[in-house]
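Fold and contact review
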Amino acid sequence: MNAIRTLLAAACVALLATPVVAAGGGKEAPARQWAHSGLFGTFDRAALRRGARVYMEVCSACHGLRLVAYRNLMEIGFSENEVKKISAEKEVPAEPNDDGEVELRPALPADKFVSPFNNENAARAANGGAYPPDLSLIVKARPGGADYLHALLTGYKDEAPAGVTVPEGMNYNEYFAGNMIAMAAPLSEEAVEYADGTKATVEQMSEDVSVFLAWAAEPELEERKRMGIKVILFLLVLTGLLYVVKRRIWADVH
Amino acid sequence: MSKFQKPAWLDNGLVRWVDHRLPVFSFMSHELYEYPTPRNLNYWWNFGSLAGIVLVIMIVTGITLAMHYTPSTALAFDSVERIMRDVNYGWLIRYIHMNGASMFFIVIYIHIFRGLYFGSYKAPREILWMLGVVILLLMMATAFMGYVLPWGQMSFWGATVITNLFSAIPWGIGDWIVTLLWGGFAVDNPTLNRFFSLHYLLPFVIVGVVVLHIWALHVHGSNNPIGIDTKGEQDVLPFHPYYTVKDMFGLGVFLIVFALFIFFAPNYMGHPDNYIPANALSTPAHIVPEWYFLPFYAILRAVPDNFIGGWTTEWLGFIIFEAKLAGVLAMFGAIAVLFVLPWLDRSPVRSSRFRPMYKWFFWIFAIDCVVLGYMGALPAEGIYIVIGRIATVYYFAHFLVVLPLLAKVEKTRELPKSISEPVLGGGGIAAGAAAKPMEKA
Ligand code: HEM
């Protein structure tokens, strides 16, 4: 057993030995406990629904969600009719018609979320030269994930610290790398009206949209953790049995 | 002797018919069943077979990924996301492959340090050891090119930084190599295409070298924790069932650790920037390679920018090493010293257990490698530069100064007479040969 203990110790050392390098400039986002954190975590359904509203009514004016399809909303509790209504509000190019012209048609549930701008240049032109990134993977693409997103959305300061001048078109944010962000605080009190009656404070909306975007980035999270528990339990039993067999077989050697 | 019986299935009629014409079955029986293995191997000896299993896992998941992946700069990133979102269990296959690469290096690094600690590279296992170093190099090339495939920011910028290194080679050879790697004048679509092709090919080359590695192993058999040769049947056990079951148990433990990463922290060992699509116009704040390259990256960066070295040779005249070339040479040198290790460490005793001084230097070296890893991840500024340089110098000093000196000055402890003696508490059959440090075959 000594050898096993050394092995485990070595594995721990290897884990601890992975240094984390934070992106320079911004404050580190405080770690929060989300319903979807931890071994058994699942997404908070109500928050997902509210967060989807926040994305669609606020963020989607500037940010795409191009890797998620409208039909995927059914995985988080939207009904088929709701999804049809949501997708039909947007238009996408249809197949060329008999005359070879490409017309626009309402988007279908099978279509991906339609991005607000046709290309990066159009997005920059509308945002004073800054580029609002697609949000499909934002939670995986930033150190801190949902913690960072939430901290960013609530981390705006009206007054920059003494001695810091905020250039025209920029805003001071504690958590953004370099602190100067081109996105003005996107959320304000009661920016959306929640169907479930929850009061739409900035804190609440920021939490909800962070949960929604965590789902958008990792739609497999719940299935992954559920399968993981079963796999680990199976492996624990199997390994235990193998250990017993090993002891038996080696009994005559030691 | 009875414990080395042939397996019963060799008597099966069909098996005998085939075996008479193509002796695959007696080969298997000989190499995997009866194969005599030192009786005193500890759990550090599990990592070789683990590495082989991880290689198979990588190939199986890799081929499956390749069925859905598109090697084109316009589509690569999205095709990987399609695997993650739309392919049945695609997320599982990709997370196994992604974390499998890291686990592969963990297993291989432990395997290598096992060899360093117990002197497994010494005669008659030099070629076995060198084949292992070849496998390490091939793995690095494979992993580097695999990391480029998802075409994220780190894929692109890592590829740019690393391929650019070759341009340091003088006489126009470097630029020629770089153009060849790129298939053009920058990292672009042709680069991605050839990297995919090579990433598919190299694992099978690795399989080939692994076969040679195991062939070389089976000529003299495994080394063991006390590092003396086996002296007869009392020192060995048939591979099956003793080591098959021990390896299976080790595999179980390994899979638990592996599964914890796959299911609960699948991106822990990755870099968030690789979930941002590649963009040639926006350089990430810190370009960091995957963790398993960090010690080598630290060595690369340890050479001061203003470094100029010179060397006069008979054929080529005076060669100037600029900082970049010196850095590249140092990085490759870090692996090259491993190749010649069997001739740098001339101590006749294999195992650290009987080398009181080497044991200390082994651990100092291991810590040095971890320090190098940290320095590779941290930005090259201030004190980190100094630490990186000291650790780099020590890395080479360990091989080029410490080991040759130790062989001269170290007083090694007396070796046991045979393996069975310490294992059986002195009751073993006295083996004929007196304790010679190490038999030269
Ligand atoms: C020596 C064994 C191998 C190693 C060390 C290795 C390593 C890697 C690494 C580090 C990645 C990037 C993971 C990511 O961030 O997404 C990758 C991706 C990939 N590998 Fe491998 N690989 C191996 C074998 C194979 C084989 C045999 C194939 C079969 C064709 C393969 C096909 C792929 C494909 C298609 C991708 C891109 C998809 C993705 O990024 O998930 N690999 N590999």
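Every residue gets a number counted from 1 within its own chain, in the order that chain's sequence is written. Both sets of labels track the order of writing: A upward for chains, 1 upward for ligands. Only residues with pLDDT of at least 70 are given local features in this predicted model, and only at 80 or more are side-chain atom pairs given and counted; all residues enter the totals for whole chains, interfaces and linings. Note that the side-chain values use all heavy atoms of the structure and ignore hydrogens as well as water.

Another aspect to go through is the coordination of the iron atom of the ligand. Residue and element names in this part refer to chain B. Only nitrogen, oxygen and sulfur atoms qualify as donors, provided they sit within 2.8 Å of the metal or within 3.2 Å for Na, K and Ca; with water excluded from the atoms, sites may seem incomplete. The coordination sphere of the iron atom of the ligand, as far as protein atoms go, consists of His97 (NE2) and His199 (NE2), spread over 2.0 Å. Key to geometry: four donors with every angle between 85 and 135 degrees are tetrahedral; four donors are square planar and six octahedral where opposite donors lie over 155 degrees apart and all remaining angles lie between 65 and 115; all other sites are irregular. Taken together, the 6 donor atoms surrounding the iron atom of the ligand define angles of 87 to 180° at the centre, an arrangement classified as octahedral. Pair noted here: His97 is in helix H5 (residues 90-118) and His199 is in helix H9 (residues 189-220), with a separation of 102 residues, a long-range link. A single burial state applies to His97 and to His199, both of which are buried. The helix and strand labels rest on DSSP assignments: H or I over at least four residues marks a helix, E over at least two residues marks a strand, and numbering proceeds from the N terminus. Categorising residues by exposure relies on relative accessible area from a 1.4 Å probe, with only protein chains included: less than 20% of the type maximum marks a residue as buried, more than 50% marks it as exposed, and the intermediate range marks it as partly exposed.

All names here are of chain B. What counts as a domain boundary in this text is fixed by an automatic or database domain assignment. Domain assignment breaks chain B into domain 1 (41-222 + 237-274) and domain 2 (288-411). Spacing between the C-alpha centres of domain 1 and domain 2 amounts to 23 Å. Residue-level contacts link 39 residues of domain 1 with 35 residues of domain 2. Buried surface at the junction of domain 1 and domain 2, summed over both partners, amounts to about 3,400 Å²; 73% is from carbon and sulfur atoms. The working definition used for a salt bridge is a side-chain nitrogen of Lys or Arg within 4 Å of a carboxyl oxygen of Asp or Glu. Linking domain 1 with domain 2 are 1 salt bridge, by the criterion used here. For the side of domain 1 that touches domain 2, the secondary-structure elements that each account for two or more residues are H5, helix H6 (126-148) and helix H7 (153-165). The dominant element in the side of domain 1 that touches domain 2, judged by the number of residues it contributes, is H6, at 11 residues. Throughout, a contact is declared for two residues whenever any of their heavy atoms are within 4.5 Å. Buried area adds together the accessible area that both of two parts lose upon being put together, with accessible area traced by a 1.4 Å probe.

Turning next to the interface of chain B and chain A. On the chain A side, the residues contacting the 44 residues of chain B number 47 residues. For the chain B face of the interface with chain A, the top three residues by lost area are Arg85, Phe249 and Phe264 of chain B, together amounting to 16%. Remark: the boundary between chain B and chain A carries 2 salt bridges. Arg66 of chain A is paired through a salt bridge with Asp78 of chain B; the nearest N and O atoms lie 2.9 Å apart.

What follows deals with the site of the ligand. Residue and element names in this part refer to chain B. Proximity is defined per residue: any heavy atom of the residue falling within 4 Å of a molecule or strand makes that residue near it. The ligand sits among 25 residues. The nearest are Gly62, Arg94, His97, His199 and Tyr200. Polar contacts, as counted here, are pairs of nitrogen or oxygen atoms within 3.5 Å of one another; within protein the pair requires one atom able to donate a hydrogen and one able to accept it, and residues that are adjacent in sequence qualify only if both atoms are side-chain atoms. Within the side chain of Arg94, a nitrogen or oxygen atom sits 2.8 Å from an oxygen atom of the ligand. Within the side chain of His199, an N or O atom sits 2.7 Å from a nitrogen atom of the ligand. Where the shell around the ligand is concerned, the elements lending two or more residues are helix H3 (47-66), H5, H6 and H9. By residue number, the principal contributor to the shell around the ligand is H3, which donates 7 residues. The residue classification treats Ala, Val, Leu, Ile, Met, Phe, Trp, Tyr, Cys and Pro as nonpolar and Asp, Glu, Lys and Arg as charged. All others, Gly included, are polar. Its residues assigned to classes, the shell around the ligand shows 19 nonpolar, 5 polar and 1 charged.

Bringing the packing of aromatic side chains into the picture now. Aromatic rings from Phe, Tyr and Trp, with only the six-membered ring used for Trp, were paired whenever their centres fell within 6.5 Å, and each pair was classed as stacked if the ring planes differed by under 30 degrees, edge-to-face if by over 60, and tilted otherwise. Within this structure, the stated rule accounts for 42 aromatic pairs over all chains. Where Tyr200 of chain B meets Phe204 of chain B, the ring centres are 6.3 Å apart and the plane angle is 25°; that geometry is what we call stacked. Of the two residues, Tyr200 of chain B and Phe204 of chain B are both situated in helix H9; the distance of 4 residues between them amounts to about one turn of the helix. Residues Phe254 of chain B and Phe258 of chain B carry aromatic rings whose centres are separated by 5.6 Å and whose planes lie at 45° to one another, so their mutual orientation is tilted. Here Phe258 of chain B and Phe254 of chain B lie together in helix H10 (residues 239-264), a separation of 4 residues that amounts to about one turn. On the accessibility criterion, Phe254 of chain B (8% relative accessible area) is buried. Linked through ring pairs, Trp45, Phe113, Tyr117, Phe118, Tyr358, Phe362, Trp363, Phe365, Tyr395, Phe396 and Phe399 of chain B together constitute an aromatic cluster. Its end group placed over the ring of Trp250 of chain A, Lys246 of chain A keeps NZ or CZ at 4.9 Å from the ring centre. In our convention, an over-ring charge means Lys NZ or Arg CZ found within 6 Å of a ring centre and within 35 degrees of that ring's normal.

Another point: the nonpolar core. Residues grouped as a nonpolar core are buried Ala, Val, Leu, Ile, Met, Phe, Trp, Tyr and Cys residues, joined through side-chain atoms within 4.5 Å. Ranked by size, the top nonpolar core spans 125 residues in total, and within it Leu116, Tyr395 and Phe399 of chain B carry the most contacts. The dominant element in this core, judged by the number of residues it contributes, is H5 of chain B, at 16 residues. Per-domain counts for this core show at least three residues from each of domain 1 (41-222 + 237-274) and domain 2 (288-411) of chain B. The residues touching Phe399 of chain B, leaving out its near neighbours within four places in the chain, are Val337, Leu338, Leu341, Leu344, Phe365 and Pro404 of chain B. Counting residues in hydrophobic clusters, the runner-up holds 42 residues, among them Leu153, Val192, Ala214 and Trp215 of chain A.

Residues and elements named next belong to chain B. Angles here are taken between N-to-C directions and fall from 0 to 180 degrees, while the axes themselves are lines fitted to C-alpha atoms, restricted in helices to the stretch in contact. Contact pair helix H11 (residues 294-302) / helix H13 (residues 356-377): the axes reach a minimum separation of 7 Å and the direction vectors enclose 70°. The orientation of H11 with respect to H13, classified from their angle, is roughly perpendicular. The segment H11 lies against H13, with Leu294, Pro295, Tyr297, Ala298, Ile299 and Arg301 engaging Cys369, Leu372, Gly373, Met375, Gly376 and Ala377. Grouping the constituent residues of the contact of H11 with H13 by class yields 9 nonpolar, 2 polar and 1 charged. For this classification, under 35 degrees means roughly parallel, over 145 means roughly antiparallel, 65 to 115 means roughly perpendicular, and everything else is oblique.

Before going further, it helps to examine the side chain of His111 of chain B. Inspection of the secondary structure assignment puts His111 of chain B in helix H5. Apart from the residues within four sequence positions on either side, His111 of chain B is in contact with Phe47, Gly48 and His213 of chain B.

Another aspect to go through is the state of the cysteines. Residues and elements named next belong to chain A. Criterion for a disulfide: a pair of cysteine sulfur atoms within 2.5 Å. Taken as a whole and assessed by the stated rule, the structure comprises 0 disulfides over all chains. Not part of a disulfide, Cys59 finds its nearest cysteine sulfur in Cys62, a span of 8.7 Å. Overall, Cys62 belongs to the partly exposed group, its relative accessible area being 28%.

Attention now goes to a negative patch on the surface. Residues and elements named next belong to chain A. A residue counts toward a patch only above 30% relative accessible area and without a salt bridge, and it is joined to like-charged neighbours within 9 Å or, for Val, Leu, Ile, Met, Phe, Trp and Tyr, to nonpolar neighbours within 5 Å. Accessible surface is estimated by sampling points in the Shrake-Rupley manner with a 1.4 Å probe; for residues, cover comes only from the protein chains shown. The charged-residue count follows a simple rule in which Lys and Arg add positive charge and Asp and Glu add negative charge, with His and chain termini not counted at all. Every charge is mapped to an atom, namely NZ of Lys, CZ of Arg, CG of Asp or CD of Glu. A surface patch of like charges, here negative, comprises Asp98, Asp99, Glu101 and Glu103. By secondary structure assignment, the location of Asp98 is in the loop between strand S1 (91-93) and strand S2 (104-106). Asp98 gets classed as exposed once you look at its relative accessible area, which sits at 84%.

What the rule picks out here adds up to 24 salt bridges over all chains. Of the charged contacts in the structure, one is a salt bridge between Arg224 of chain A and Glu218 of chain A, with a shortest N-O distance of 3.1 Å. According to the relative accessible area criterion, Glu218 of chain A is buried, its value standing at 13%. The salt bridge involving Asp229 of chain B is made with Arg350 of chain B; its shortest N-O contact spans 3.0 Å. Of the two residues, Asp229 of chain B is situated in the loop between H9 and strand S2 (236-238) and Arg350 of chain B in the loop between helix H12 (323-344) and H13; the sequence distance between them amounts to 121 residues. When its relative accessible area of 2% is taken as the criterion, Arg350 of chain B is described as buried. Look at the salt bridges and you will find they share partners, linking Lys122, Asp345, Arg355 and Glu410 of chain B into a network.

The next thing to look at is the environment of Glu168 of chain A. Residue and element names in this part refer to chain A. Counting through the fold element by element, Glu168 comes out in the loop between helix H5 (145-154) and strand S3 (171-172). Since its relative accessible area comes to 81%, Glu168 is described here as exposed. Between the C-alpha atom of Glu168 and that of Ala182, which follows or precedes it by 14 residues, the distance is 9.4 Å.

All names here are of chain B. Each neighbour pair has its own omega, and for Ala123 with Pro124 the value is 5°, a cis peptide bond. Here Pro124 lies in the loop between H5 and H6. Here the residue pair His240 and Pro241 is connected by a cis peptide bond, since its omega of 5° sits within 30 degrees of zero. Phi is positive for Tyr89, which is not a glycine, with a value near 55°. Here Tyr89 shows up in the loop between helix H4 (76-85) and H5.

Let us now look at the side chain of Arg50 of chain A. Topologically, Arg50 of chain A is positioned in helix H2 (residues 45-57). Dropping the residues within four chain positions of it, Arg50 of chain A is found in contact with Tyr194, Asp196, Thr198, Gln204 and Asp208 of chain A.

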